[in-house]
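Close look at the chain arrangement
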Amino acid sequence: MTLPLLVTKDMWQEFDDAWAELRSTGGPIDELLPALKLAGEKKRAGRLVPQAREHADALVAAGRAADAALILGATLVAGGNPGELNEDLVKASDAAWSDEEWYPIYREVSGFVEGASDLRKPWKKFAKLIAFTDGSALFHPGGWGAGRVTEASAKDNFIKVKFWNGRQDEFPLSAAMDIFDPLPEADLRARSLEDPEALRKEVKANPLEALSAILVRHNGRATTTTIKTAMMQIGIEGSAWSAWWRKARKLAENSDDVEVSGTPQKSFVTQLLVKKDPGEALRRILQRSTNLAEVHARVRDLFVGAGVEETLETIAIEELANAAAPESEPLPERLAAWLLLREKTGASPKLMREVLYEVMQAPEPPDPSQPPEIWKLFQALPGAKDQERSVELLPELFGTGGAQLALEAVDAQLAAANAEVASFDGDAGETATGTAAAPAVQAEAASTETEDDLSWIEDVLPHLQHAAPGQVRPLIERLRAAGHEDELRSHYAGLLARPLRNPTLMIVLADRFEDGGDHEDMPTPVQRGQALLSLAVHTFQERRGNPQLTRIAGRLTDFLAKGTKPMLKELFKTADVSALRSANVTAGRGVDSEIESIITEVALSKDKQFFAQDAGFYWESVTIWTTRAGLRRRSAELKELREVKIPENQDAIGRAASYGDLSENSEWEAAIEEQRNLTARAMEIEEELRETDLIEDAAIIEDTVCPGTRVLYREVETGKESTVLILGPWDDDQVLETQVISYRAPLAQGLLGLELGEKSTVKLPGGEVDLEIISIETPDLAAIG
């Protein structure tokens, strides 16, 4: 795509030379046509006319009159002088297509006729019509998307189009040339018409190729928004787009054909004319980053996946170290960068050790529940992986490692004092030498710690409750390996009294100590269950917008509610009704549905009237109760609306739109009104389904009329007996030879909650009637279908 890029970059002399070479070699004109269009957008079409006419004459002489007409037409539309181009364009068109049956028809429909003063608009329409051939791809910018021409008939004045979603329609030529744009076969939108799923897989596997195709479509330059829109048009959006863009951007940054600038959210991607040096490009990108966090993210992404060239790794490490040096950057971000450098180089950066020594000198807070400054710093690290890396740093900060750090600080102070009495030249020399020797010092410091030196653990154990979430699991593994199981058990017992202090630590220790073992020195199972339930409520309520708490909430739900013997059920199996009521109140503040279900199950196993006594009957809530069969019927109705009626309505809107003027179009108005009604109906059913629960899953109260029971009742005055099956509002009115009524019907409302043998006055539309319950059965609802 050299020609469009040259125009994009205003390299007009180079463009003229490239065009002249194309003219002399007789090559294809695919790149020239978009370049001419782009030149018109830059108001430079006037300079193109002589070359366009010269090129057209050469093509006509070579028997390529159609290409000649396309060049002349593109130059005219770009802003070329009609007086210089009209006659040549008509002659070239006649030479190319005069023998075709469709030629006079297309000329008449488009207005492309000889003698017109300006053929710009007629040619644009004519060029579209000749592109709409059987099998050609096109695009409807108004919302119908990409499609393929299945039949084009000039004689009958129509084209038939099959769109990407399977919809097919027929359009008059006059409408088609106004509402559709031709698509090159290399365009991703055209390629998606053949096998969209295969294209999506290919695009995900080769993101840089897809990005290059988008750059070709947009003349070598594209923004994040442009790229996102292009990917959405082939079905890659949402999380799939985010994953693709992260990978594509990383590959583009390391490519020598593409240049990327800006942030991931506001990137600007440019196709290069001259390949760039990868190392210098990486250095430039990192140096242009706005802050340390951006540099860190780019370097971190660079190290993910396949191996990195040694040169690029060296540059990345150097620039990350430089970016982490200024004190103006946030200390947690600096530490995160240093930890990555430590992992990649095998040695702790000297500046990191100096800074952390200063942090370690901060006095301990008087309240032991408050973390010291170094642990606050660990908690403030931006990512879980950063926090995990910091565990490897603990032996350098505590125990023998802490003493070594203090000695280094003393040495640094002595060196500074000596420097004050040194000459300026000597001072400069020592500084330079000291800087160069830093890696050796770092390596020596790192080597002082051995696997046998566990003195740091005694300093860390009292602060385990302050560990950052990413530190918890690897730190506990190291403590267990060092034989500190009893201390961990003691920490767990303490956390049970304060479960919100460190949720991650609480979960990891619970996973360790609740799975069997002796609990004599711990709170009772019910108390432990209450503590874990309180933590589940807290994480569930606070998780929104907090990825860390969201992960913790998911892990806690898995721990408490999954498996053949859910942990929460085991902890509460000895609870009395009073304790379960307390647990139910706690869960009522908001908790995962799986945990809530376990509380409900245990409570009902203790007392079948557990919920009816205080909270009223379950059917009195806003929930819509129905059987599985009823739910299937309602869902089928919604499916028919979504997949049949609404698409049919969209087709009707499309046909009505093709008739022209909408202001006096009764078909359009009727179709739009039907669209409103269908959409409202679909939204209404969707809302109902969100509020639905299954009668089969309800806790049926023994010897009590509930939804899902078959009831035999007698009218007291007449002695007449009747049987009804009380189900949901969407169930069949006749099932198993028993009259079915909705639990929302007046008769059912009067019967619900009555017990066997109980009498009651029921209000019906025809008046009041006294009824007596004779029998209550719970039939097998699976037989209803």
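Residues numbered from 1 in each chain as written. Predicted model: local features only at pLDDT ≥ 70, side-chain atom pairs only at ≥ 80, totals over all residues. Heavy atoms only, no water.

**Brief notes about the overall build of the protein**
Rules: Counting from the N terminus, the helices are the DSSP runs of H or I reaching at least four residues and the strands are the DSSP runs of E reaching at least two. For the radius of gyration, the atom set is restricted to C-alpha positions; the globular benchmark scales as 2.2 Å times the number of residues to the power 0.38. Residue burial is assigned from relative accessible area. The probe radius is 1.4 Å, only protein chains are included, and a residue is buried under 20% of its type maximum, exposed over 50%, and partly exposed in between. Contact definition: two residues touch when any of their heavy atoms are within 4.5 Å. Accessibility throughout is a Shrake-Rupley quantity obtained with a 1.4 Å probe, and a residue counts as covered only by protein chains that appear here. In this tally, Lys and Arg are treated as positive and Asp and Glu as negative; His is ignored, and so are the chain termini. For the purpose of locating charges, the reference atoms are NZ of Lys, CZ of Arg, CG of Asp and CD of Glu.
The helix and strand tally for the protein stands at 37 helices and 16 strands. Against the 2.2 N^0.38 benchmark of 28 Å for 785 residues, the protein shows a C-alpha radius of gyration of 38 Å, more extended than a compact globule. Principal-axis analysis of the C-alpha atoms gives the protein an extent of 115 × 100 × 35 Å. Every one of the 785 residues in the protein was classed for burial, and the buried ones make up 43%. Put simply, of all contacts in the protein between residues at least 6 apart along the chain, 61% involve residues at least 24 apart. Taken as a whole, the protein presents about 39700 Å² of accessible surface, with 49% of it coming from carbon and sulfur. Each charge class in the protein was averaged separately, 86 positive and 131 negative side chains, and the resulting centres sit 3 Å apart.

**A short note on the nonpolar core**
This is how it is decided: Joining through side-chain atoms within 4.5 Å is the link that ties buried Ala, Val, Leu, Ile, Met, Phe, Trp, Tyr and Cys residues into a set, and such a set is a nonpolar core.
The biggest cluster of nonpolar side chains holds 90 residues, and the ones touching the most others in it are Leu-335, Ile-374, Leu-394, Leu-475, Tyr-492, Leu-560 and Phe-572. Counting residues in each nonpolar core, the second largest holds 49 residues, with Trp-19, Leu-38, Phe-163 and Ala-176 among its members.

**Describing the packing of aromatic side chains**
Inclusion rule: A pair of Phe, Tyr and Trp rings is counted when the ring centres sit within 6.5 Å of each other, with Trp represented by its six-membered ring. The angle between the planes then sorts it: under 30 degrees is stacked, over 60 is edge-to-face, the rest tilted. Charge over a ring is defined by NZ of Lys or CZ of Arg lying within 6 Å of the ring centre and within 35 degrees of the ring normal.
Going through the model one piece at a time under the given rule, you end up with 21 aromatic pairs. Measuring from centroid to centroid gives 6.4 Å for Trp-244 and Trp-245, while their planes differ by 25°, and the two rings are stacked. Ring pairs connect the aromatic residues Trp-97, Trp-102, Tyr-103, Tyr-106, Phe-112, Trp-123 and Phe-126, which therefore count as one cluster. Sitting above the plane of the Trp-144 ring, Arg-167 keeps its charged end 4.6 Å from the centroid. Taking the ring centre of Phe-303 as reference, the NZ or CZ of Lys-344 above it sits at 4.5 Å.

**Description of the sheet that holds strand β6 (residues 221-223)**
We count it as follows: The criterion for strand pairing is that DSSP finds at least two bridges linking the strands in question. A fitted line through C-alpha atoms represents every axis, and for helices the fit uses only the stretch in contact; the resulting angles, taken between N-to-C directions, go from 0 to 180 degrees.
Here we have three strands laid out as an open sheet, ordered β6-β8-β7, and antiparallel in their pairing. Whereas interior strands pair on both sides, the edge strands pair on one side only; in this sheet they are β6 and β7 (258-262). Taking each pair of neighbouring strands and ignoring which way they run, the sheet shows an average axis angle of 15°. Both β7 and strand β8 (residues 267-271) contribute to a ladder of five bridges, which runs antiparallel. Within the sheet, the bridge partner assigned to Ser-261 lies in β8 and is Phe-268. On top of the sheet, helix α14 (residues 239-253) reaches β7 and β8; it is set at about 115° to β7, its chief contact.

**Focus on the packing of helix α16 (residues 292-302) against helix α18 (residues 331-345)**
Here is the rule we go by: Here roughly perpendicular refers to angles of 65 to 115 degrees, roughly parallel to angles under 35, roughly antiparallel to angles over 145, and oblique to all remaining angles. Rotating anticlockwise by less than a right angle from the far helix to the near helix defines a left-handed crossing, while the corresponding clockwise rotation defines a right-handed one. Under the grouping applied here, Gly and all other residues not named as nonpolar or charged are polar, the nonpolar ones being Ala, Val, Leu, Ile, Met, Phe, Trp, Tyr, Cys and Pro and the charged ones Asp, Glu, Lys and Arg.
One can describe the packing of α16 onto α18 by two numbers: an axis separation of 10 Å at closest approach and a directional angle of 25°. Comparing their axes, α18 and α16 come out roughly parallel. You can see that α16 and α18 cross each other, and the crossing is left-handed. Contact with α16, carried on its side by Leu-292, Ala-293, His-296, Val-299 and Arg-300, involves Glu-333, Arg-334, Ala-336, Ala-337 and Leu-340 of α18 and no other residues of that element. Of the residues belonging to the contact of α16 with α18, the class tally is six nonpolar, one polar and three charged.

**Considerations on the pairing of strand β2 (residues 145-153)**
Bridge count between strand β1 (residues 137-140) and β2: four bridges; the pairing is antiparallel. The partner of His-140 across the bridge, within β2, is Gly-145. Two elements, β2 and strand β3 (residues 158-163), share six bridges in a ladder whose sense is antiparallel. Bridging across to β3, Glu-151 finds its partner in Lys-160.

**Some thoughts on unusual backbone geometry**
Trans peptide bonds make up most of the peptide bonds, and negative phi angles are found at most residues other than glycine. With a phi close to 60°, Asn-157 is a non-glycine residue in the positive phi region. For Asn-157, a relative accessible area of 35% translates into the label partly exposed. One non-glycine residue, Asp-703, adopts positive backbone phi at about 55°. Examined against the element boundaries, Asp-703 turns out to sit in the loop between β10 (692-694) and β11 (710-715). Residue classification places Asp-703 among the partly exposed residues on the basis of a relative accessible area of 42%.

**Observations concerning the pattern of salt bridges**
Defined as follows: A side-chain nitrogen of Lys or Arg and a carboxyl oxygen of Asp or Glu constitute a salt bridge if their distance falls within 4 Å.
Tallying each qualifying case throughout the model produces 47 salt bridges. For the salt bridge of Arg-53 with Asp-88, the shortest nitrogen-to-oxygen distance reads 2.9 Å. Of this pair, Arg-53 sits in helix α4 (residues 49-61) while Asp-88 sits in helix α6 (residues 82-97); the two residues are 35 residues apart in sequence, bridging distant segments of the chain. A salt bridge links Glu-686 to Arg-642; its shortest N-O distance comes to 2.7 Å. Of this pair, Glu-686 sits in helix α36 (residues 666-690) while Arg-642 sits in helix α35 (residues 628-658), placing them 44 residues apart in sequence. Using a relative accessible area of 24% as the deciding quantity, one classes Glu-686 as partly exposed.

**Details of the sheet that holds strand β5 (residues 181-183)**
Strand order in the open sheet made by the five strands is β4-β3-β2-β1-β5, with antiparallel pairing throughout. Of all strands in the sheet, those with a lone pairing partner are β4 (168-172) and β5, marking the two edges. Direction aside, neighbouring strands of the sheet carry axes that sit 40° apart on average.

**Focus: a negative patch on the surface**
To be explicit about the condition: Think of a patch as exposed residues, more than 30% relative accessible area, with no salt bridge, where like charges cluster within 9 Å and nonpolar side chains (Val, Leu, Ile, Met, Phe, Trp, Tyr) cluster within 5 Å.
A cluster of acidic residues, Glu-458, Asp-459, Asp-486 and Glu-487, forms a negative patch on the protein surface. Looking at the negative patch, the elements with two or more residues in it are α25 (455-460) and α27 (485-497). Within the secondary structure, Glu-458 sits in helix α25.

**Things to note about the pairing of strand β15 (residues 759-764)**
Where β15 meets strand β16 (residues 767-777), six bridges bridge the pair, whose relative direction is antiparallel. Within β16, the residue paired with Lys-759 across the bridge is Glu-772. Hairpin connection between β15 and β16: a loop of two residues separates the two successive antiparallel strands.

**What to know about the environment of Asn-546**
To keep it simple, the criterion reads: Whenever a nitrogen or oxygen atom comes within 3.5 Å of another N or O atom, the pair is scored as a polar contact, on the condition that within protein one atom can donate a hydrogen and the other can accept it, and that pairs from neighbouring residues in sequence are kept only if both atoms are in side chains.
Looking at where Asn-546 falls in the secondary structure, it is placed in the loop between α29 (525-542) and α30 (547-561). A distance of 3.1 Å separates the side chain of Asn-546 from the backbone nitrogen of Leu-549, its partner in a polar contact.

**A look at the environment of Asp-187**
Tracing the backbone through its elements, the reader meets Asp-187 in the loop between β5 and α10 (188-191). Note on Asp-187: relative accessible area 9%, which makes it buried. Separated by 119 residues in the primary sequence, Asp-187 and Ala-68 place their C-alpha atoms 24 Å from one another. Reaching out from Asp-187, the side chain makes a polar contact with the backbone nitrogen of Arg-189 at a distance of 2.8 Å.

**Some remarks on α27**
As a reminder, the rule being used: Picture the helix axis, draw a direction to every C-beta atom, and the arc is the one those directions span.
Listed in full, the buried residues belonging to α27 are Leu-488, Arg-489, His-491, Tyr-492, Leu-495 and Leu-496. Down the axis of α27, the sector holding all buried residues measures 160°, keeping them to one side. Among the exposed residues of α27, those oriented more than 90 degrees off its buried face are Asp-486, Ser-490 and Ala-497. Taken together, the buried residues of α27 touch α26 (469-481), α28 (503-513) and α29.

**Observations regarding the side chain of Gln-471**
Looking at the element boundaries, Gln-471 is found in helix α26. What makes Gln-471 buried here is its relative accessible area of 0%. Here Ser-390 takes part through its side chain, which lies 2.9 Å from a polar atom of the side chain of Gln-471. When neighbours within four sequence positions are excluded, Gln-471 is seen to be in contact with Trp-375, Phe-378, Gln-387, Glu-388, Ser-390 and Val-391.

**Details of helix α32 (residues 577-588)**
We apply this condition: How far a helix is expected to stretch is found by multiplying one less than its residue total by 1.5 Å.
Under the 1.5 Å per step criterion, the end-to-end length of α32 is 16 Å for twelve residues, consistent within 8% with the ideal 16 Å. Of all the residues in α32, the buried ones are Ala-579, Leu-580, Ala-583, Thr-586 and Ala-587. In an axial view of α32, the angular spread of the buried residues amounts to 115°, which keeps them on one side of the axis. Exposed residues lying more than 90 degrees from the buried face of α32 are Ser-578, Val-585 and Gly-588. Within two residues after α32, Gly-590 carries a phi angle of roughly 125°, on the positive side.

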